[in-house]
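# Observations on chain architecture
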Amino acid sequence: MTTILRGIDEARAALAAWRASRPGARLGLVPTMGALHAGHLSLVERARHGAEAVAVSIFVNPLQFGPGEDFDRYPRTFPDDLAKLQAAGVEFVFAPEASELYPAGGGGTRVQAGPAAAILEGALRPGHFDGVLTVVAKLFHILSPQLAVFGQKDAQQLHLIRSFVRDLDEPVEVVAAPIRRDADGLALSSRNAYLSDQERRAALAIPGALADAAAAAERGADLAGVLTAAEQRIGAEPALRLDYLTAVGPDSFRILGGEHRGPALLLAAARAGATRLIDNRTVVVGA
Ligand code: AMP
């Protein structure tokens, strides 16, 4: 049975009762903004493997949207989401109103994301990662999970969440789940719902570019050649506008120079019409 929790006190009480009835049992948390797809459900599956019960949060977090971003039109599909989570056997769904997590708009305290927030998504979306980490901290403090699952799809977010947990001694094991894709290769995203048919066809150049980059790396290209292969594919798609295409160290999350050899995490962000899409893939340069 799935218990729906709307309030902070209600959630704490329900989880305390569950813990009292199952001493030593682990809770796995999957934070989401709803509009759930198979990528989210793969995170639920992963949480299930490491925990006796799974909690999914559904909250479109106003703190992580900038002015002019899609907060107002972000898809909100709670009845469908709930049906999927019930079918997946999720024990707890925490779906608070914004006024519950941020009474009177919130007090202004923020978790400040680490240095990797200065580049890429963080540079283009000022304050975004502070907003993400603030709500993740609140979810950790309200639900007290032993394990939390995040998608590799949001690689920079994952890196910053790992740093946050390490730096602030959060007693939570962070687990990464691989990117789930549609049959055509497009990474699943709640924002794919915004795409017209034509935009969706254009968007396929993003995973296509990452595949071209991987093929170039396998042929022995250096990092500049790998990035050029990807840029050419995206450049050939007039309906896409590239925000960035960059290689970072998979662990350091520092931007790599042309002399780099070894594993490199390629990160791409591009816009199809008004929709911003991100994707990534690890390649090995100079293997
Ligand atoms: P969101 O609802 O977009 O905030 O995403 C909630 C969680 O699902 C985050 O940890 C995302 O990284 C993860 N996620 C989103 N899309 C995918 C995907 N295609 N594959 C795997 N995880 C994903």
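Below or above, wherever it landed, is the structure these notes cover. On a predicted model such as this, the values are computed, not experimentally measured, just so you know.

Cut-off values and rules
Residues numbered from 1 in each chain as written. Predicted model: local features only at pLDDT ≥ 70, side-chain atom pairs only at ≥ 80, totals over all residues. Heavy atoms only, no water. Axes fitted to C-alpha atoms, helices over the stretch in contact; angles between N-to-C directions. Helix = DSSP H or I, 4+ residues; strand = E, 2+ residues; numbered from the N terminus. Parallel < 35°, antiparallel > 145°, perpendicular 65-115°, else oblique. Contact = heavy atoms within 4.5 Å. Nonpolar A, V, L, I, M, F, W, Y, C, P; charged D, E, K, R; others polar. Left-handed = near helix turned anticlockwise from the far one by under 90°. Near = heavy atom within 4 Å. Polar contact = N/O pair within 3.5 Å; in protein donor to acceptor, adjacent residues only side chain to side chain. Phe/Tyr/Trp six-rings, centres within 6.5 Å; stacked < 30°, edge-to-face > 60°. Buried < 20%, exposed > 50% of the residue type's maximum accessible area, 1.4 Å probe, protein only. Lys NZ or Arg CZ within 6 Å of the ring centre and 35° of its normal.

### Considerations on the packing of helix α1 (residues 8-21) against helix α6 (residues 128-143)
- In the contact formed by α1 and α6, the axes pass within 8 Å of each other and the chain directions differ by 50°. In terms of orientation, α1 lies oblique with respect to α6. Residues Ile-8, Ala-11, Arg-12, Leu-15 and Arg-19 of α1 form the contact with α6, whose own contacting residues are His-141, Ile-142 and Leu-143.
- A breakdown of the residues in the contact of α1 with α6 according to their chemical character gives five nonpolar, one polar and two charged.

### Overview of the packing of helix α9 (residues 205-218) against helix α10 (residues 223-235)
- At a closest axis distance of 8 Å, the pairing of α9 and α10 adopts a crossing angle of 150°. When the axis of α9 is compared with that of α10, the two are roughly antiparallel. Here α9 runs over α10; the crossing is right-handed. Taken together, the residues of α10 that come into contact with α9 (itself represented by Ala-205, Ile-206, Gly-208, Ala-209, Asp-212, Ala-213, Ala-216 and Ala-217) are Gly-225, Val-226, Ala-229, Ala-230, Arg-233 and Ile-234.
- Here the contact of α9 with α10 is composed, by residue class, of ten nonpolar, two polar and two charged.

### Topic: the site of the ligand
- Taken together, 17 residues sit near the ligand, with His-40, Gly-151, Asp-154, Arg-180 and Leu-188 positioned nearest.
- Met-33 is positioned such that a nitrogen or oxygen atom in its backbone is 2.9 Å from an oxygen atom of the ligand.
- Between Leu-188 and the ligand, the recorded distance is 2.8 Å, taken from a backbone N or O atom to a nitrogen atom.
- Per-element accounting of the shell around the ligand gives the leading share, three residues, to helix α2 (residues 38-50).
- For the shell around the ligand, the per-class residue count stands at eight nonpolar, six polar and three charged.

### A few points about the packing of aromatic side chains
- Evaluation of the coordinates by the stated rule reveals five aromatic pairs.
- When the centroid spacing of 6.0 Å and the interplanar angle of 50° are considered together, the rings of Phe-59 and Tyr-102 count as tilted. In this pair, Phe-59 sits in the loop between β3 (53-58) and α3 (78-87) while Tyr-102 sits in the loop between α4 (98-101) and α5 (121-124), placing the two residues 43 residues apart along the sequence.
- Its relative accessible area of 7% is what places Phe-59 among the buried residues.
- Arranged with centres 6.2 Å apart and planes meeting at 25°, the rings of Phe-140 and Phe-164 form a pair that is stacked. Residue Phe-140 is located in helix α6, and its partner Phe-164 is located in helix α7 (residues 155-167); the two are separated by 24 residues in the primary sequence.
- According to the relative accessible area criterion, Phe-140 is buried, its value standing at 3%.
- Site record: aromatic cluster; members linked through ring pairs are Phe-65, Phe-71 and Tyr-74.
- Note that Arg-6 overlies the ring of Phe-78, its terminal NZ or CZ placed 4.6 Å from the centroid.
- The lysine or arginine in question, Arg-76, covers the ring of Phe-71, its NZ or CZ lying 4.8 Å from the ring centre.

By themselves, these figures tell us nothing about what the structure is for.
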